[in-house]
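# Summary of structural features
One letter stands for each residue in the lines below.
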Amino acid sequence: MHTRLYRNGVLEKEGFPVDEVSDYVGDPDNVVWFDLCSPSPADLGVIGEELGLHELAVEDVLSDHQRPKVDVYDNHLFITVYGVHFDEGRLDPVEVNIFVTGNALVTVRENDHFDIGEVVRRWDDSARMAGHGVTFLLHGLLDYVVDSQFDLVQDLDSQAEALEEALFEDQVVYGRELQRTMYVLRKNTARLRKITMPMREVIGTLLRRDQELVADPVMAPYYEDVYDHVLRVTEWVESIRDMLANVRETRLAQQGFRLNEIMKRVTSWAAIIAVPTMITGFYGQNVPYPGSNQPWGFWLSSILVAVTSVALYTVFKRKDWL
């Protein structure tokens, strides 16, 4: 459980019980933040009553896999965003729900895989801005979420470029390891896209001039900076998707080319084997043949087989079929 109390832009108290929140939110000079991790429906109900949260917003917290969004209610905002977390190499987003009132910020984390401590450190590093109240706290949280997504998309881009280069390394192109890497990378990119694309709408809604709860001319440039990062992330994700599509098409083309090469080699060797078979089969018939029952006949047939095979091999090699 994490709690903080700011008064007139100065951190006065932290680590106090959530039960005391109602004692502080009544004073407009106070700004309260508290964090809940995997709360029970009963805990959410108590918080909802103390802060006057809308029942639909509380219900959304209890529903898994909400789309990133901003819901505007009479006395508060409800925001859903996702942090990034990896589980055995696969992206497993962590849902974070946020209630924003005039002087209170409530974060509800799906689990402890979202590093709320890093958010607190960001607030402490910019303590001089704490006088802007809830707007300042919300910016620090959203900035951390978007920066985490930005770092992840950079890493995915590096992996995609490495995968692209690996296509032309003969020893791994057709291995299962490359196929698995491509699958995991495409899966992670698709999941990242689902949580980053709606973020444009989330930050855009907060930047609207008619949004009084977070309207602050001083903080507006900071939110615009977050919005710029969101745009860069979404554009980068689309670029990675295109790159992976090209990699997949290139790999399929390589597989088709390699299959053609294999078919040419199989056909060529079949032709080389067919000629000796034809000759030996012909001499094996129950009819007299040149050199029948004579040593020179055996040598003639053997030389014919060897010369024909070498000639076919030379022709196929020149045509690059072998």
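The structure we're discussing is the one just above.
The following paragraphs examine the structure supplied in this document. Not measured: the values here are computed from a predicted model. Every chain's residues receive numbers from 1 upward, in the order its sequence appears when written. Confidence filtering applies because this is a predicted model: local features only for residues at pLDDT of at least 70, side-chain atom pairs given and counted only at 80 or more, and all residues used for totals across whole chains, interfaces and linings. Here the side-chain values reflect all heavy atoms present in the structure, with hydrogen atoms and water set aside.

### Digging into the overall build of the protein
Formally: Strands are runs of DSSP state E lasting at least two residues, helices are runs of H or I lasting at least four, and both sets are numbered from the N terminus onward. Only C-alpha atoms enter the radius of gyration, while the globule expectation follows 2.2 Å times N to the 0.38, with N the number of residues. We call a residue buried when its accessible area falls under 20% of the maximum for its residue type, exposed when it is over 50%, and partly exposed in between, using a 1.4 Å probe and counting protein chains only. In this analysis, two residues are considered to be in contact whenever any of their non-hydrogen atoms come within 4.5 Å of each other. Surface accessibility in these figures is a Shrake-Rupley result with a 1.4 Å probe; residues are shielded only by whichever protein chains are displayed. His is not counted here, nor are the chain ends, while Lys and Arg score as positive and Asp and Glu score as negative. Think of each charge as sitting on NZ of Lys, CZ of Arg, CG of Asp or CD of Glu.
Within the protein, the regular secondary structure consists of nine helices and nine strands. Against the compact-globule benchmark of 20 Å for 322 residues, the protein has a radius of gyration of 35 Å, which places it well outside the compact range. By its C-alpha atoms, the protein is 120 × 40 × 30 Å across when sized along the principal axes. Within the span of the protein, comprising 322 residues, buried residues form 43% of the whole. For the protein, the proportion of contacts with a sequence separation of at least 24, taken over those separated by at least 6, is 65%. Accessible surface for the protein amounts to roughly 17700 Å². Of this, 52% is attributable to carbon and sulfur atoms. In the protein, which carries 30 positive and 51 negative side-chain charges, the distance between the mean positions of the two groups comes to 15 Å.

### Focus on the packing of helix 5 (residues 134–166) against helix 6 (residues 176–196)
Helices that pack against each other are described as a pair by the angle of their axes relative to one another and the distance between those axes. Counted only if it meets this: Under this scheme, a helix contributes an axis fitted over its contacting stretch, all axes are lines through C-alpha atoms, and angles between N-to-C directions fall in the 0 to 180 degree range. Roughly parallel covers angles under 35 degrees, roughly antiparallel covers those over 145, roughly perpendicular covers 65 to 115, and oblique covers all other angles. Here is the rule for handedness: rotate from the far helix to the near one, and if that takes an anticlockwise turn smaller than a right angle the crossing is left-handed, while a clockwise turn gives right-handed. Any residue outside Ala, Val, Leu, Ile, Met, Phe, Trp, Tyr, Cys, Pro, Asp, Glu, Lys and Arg is labelled polar, Gly included; the first ten of those are nonpolar and the last four are charged.
Interhelical geometry of helix 5 versus helix 6 gives an angle of 150 degrees and a closest axis separation of 11 Å. Judged by the inter-axis angle, helix 5 sits roughly antiparallel to helix 6. Between helix 5 and helix 6 lies a crossing of left-handed hand. Residues Gln149, Leu152, Val153, Leu156, Gln159, Ala160, Leu163 and Ala166 of helix 5 pack against Leu178, Thr181, Met182, Leu185, Asn188, Thr189, Leu192, Ile195 and Thr196 of helix 6. The residue makeup of the contact of helix 5 with helix 6, split by class, is eleven nonpolar, six polar and no charged.

### Digging into the pattern of salt bridges
Basically, it comes down to this: Salt bridge criterion: a side-chain nitrogen from Lys or Arg within 4 Å of a carboxyl oxygen from Asp or Glu.
According to the stated counting rule, one finds 15 salt bridges in the structure shown. In this structure, glutamate 118 engages arginine 121 in a salt bridge whose closest nitrogen and oxygen atoms are separated by 3.0 Å. You can see glutamate 118 and its partner arginine 121 sitting in helix 4 (residues 116–125), three residues apart, about one turn around the helix.

### Here's the deal with a negative patch on the surface
Our working definition: Surface patches are drawn from residues lacking salt bridges whose relative accessible area is over 30%; two like charges belong together within 9 Å, two nonpolar side chains (Val, Leu, Ile, Met, Phe, Trp, Tyr) within 5 Å.
Together, Asp64, Asp87, Glu88, Asp92 and Glu110 make up a region of like negative charge exposed at the surface. Its location among the elements puts aspartate 64 in the loop between helix 3 (55–62) and strand 4 (69–72).

### As for the side chain of glutamate 95
In this structure, glutamate 95 sits in strand 8 (residues 94–100). Buried charge without a partner: glutamate 95 forms no salt bridge, and the closest opposite charge is lysine 69, 8.0 Å away. In this view, glutamate 95 contacts Asp60, Ser63, Asp64, His65, Gln66, Thr80, Val81, Tyr82, Val108, Arg109 and Glu110; residues no more than four positions away in its chain are not counted.

### Regarding the sheet that holds strand 5 (residues 77–83)
We apply this condition: At least two DSSP bridges between two strands are required for those strands to pair.
An order of 2-1-3-9-8-5-4 is seen for the seven strands of this open sheet, with the pairing classed as mixed. Sheet topology places strand 2 (10–14) and strand 4 at the edges, where each strand pairs with a single neighbour. Each strand of the sheet is rotated relative to its neighbour by a mean of 20 degrees, with strand direction disregarded. Pairing geometry for strand 1 (residues 2–7) and strand 3 (residues 30–37), over six bridges, is antiparallel. Directly across from arginine 4, in strand 3, lies its bridge partner tryptophan 33. Each of strand 4, strand 5, strand 8 and strand 9 (104–109) touches helix 3; the most contacted strand, strand 8, lies at about 165 degrees to it.

### Concerning unusual backbone geometry
Glycine aside, residues mostly have negative phi, and peptide bonds are mostly found in the trans state. Backbone geometry at asparagine 8 places phi at a positive 55 degrees, although glycine is not the residue there. Topologically, asparagine 8 is positioned in the loop between strand 1 and strand 2. By relative accessible area, asparagine 8 is classed as exposed at 54%. One non-glycine residue, glutamate 88, lies in the positive phi region at around 55 degrees. Taking relative accessible area as the criterion, glutamate 88 reaches 80% and is therefore assigned exposed.

### Concerning helix 4
How we decide: Arc definition: directions from the helix axis to the C-beta atoms. Identification of polar contacts relies on pairs of N or O atoms within 3.5 Å, with a donor-acceptor requirement for protein atoms, meaning one able to donate a hydrogen and the other able to accept it, and with residues adjacent in sequence counted only if both atoms are side-chain atoms.
Within helix 4 the residues assigned to the buried category are Ile116, Val119, Val120 and Trp123. The buried side chains of helix 4 occupy one side of the element, clustering within an arc of 100 degrees when seen end-on. Summarising the contacts, the buried residues of helix 4 are in contact with strand 1, strand 3, strand 9 and helix 5. Its side-chain oxygen 3.2 Å from the backbone nitrogen of glycine 117, aspartate 115 forms the N-cap of helix 4.

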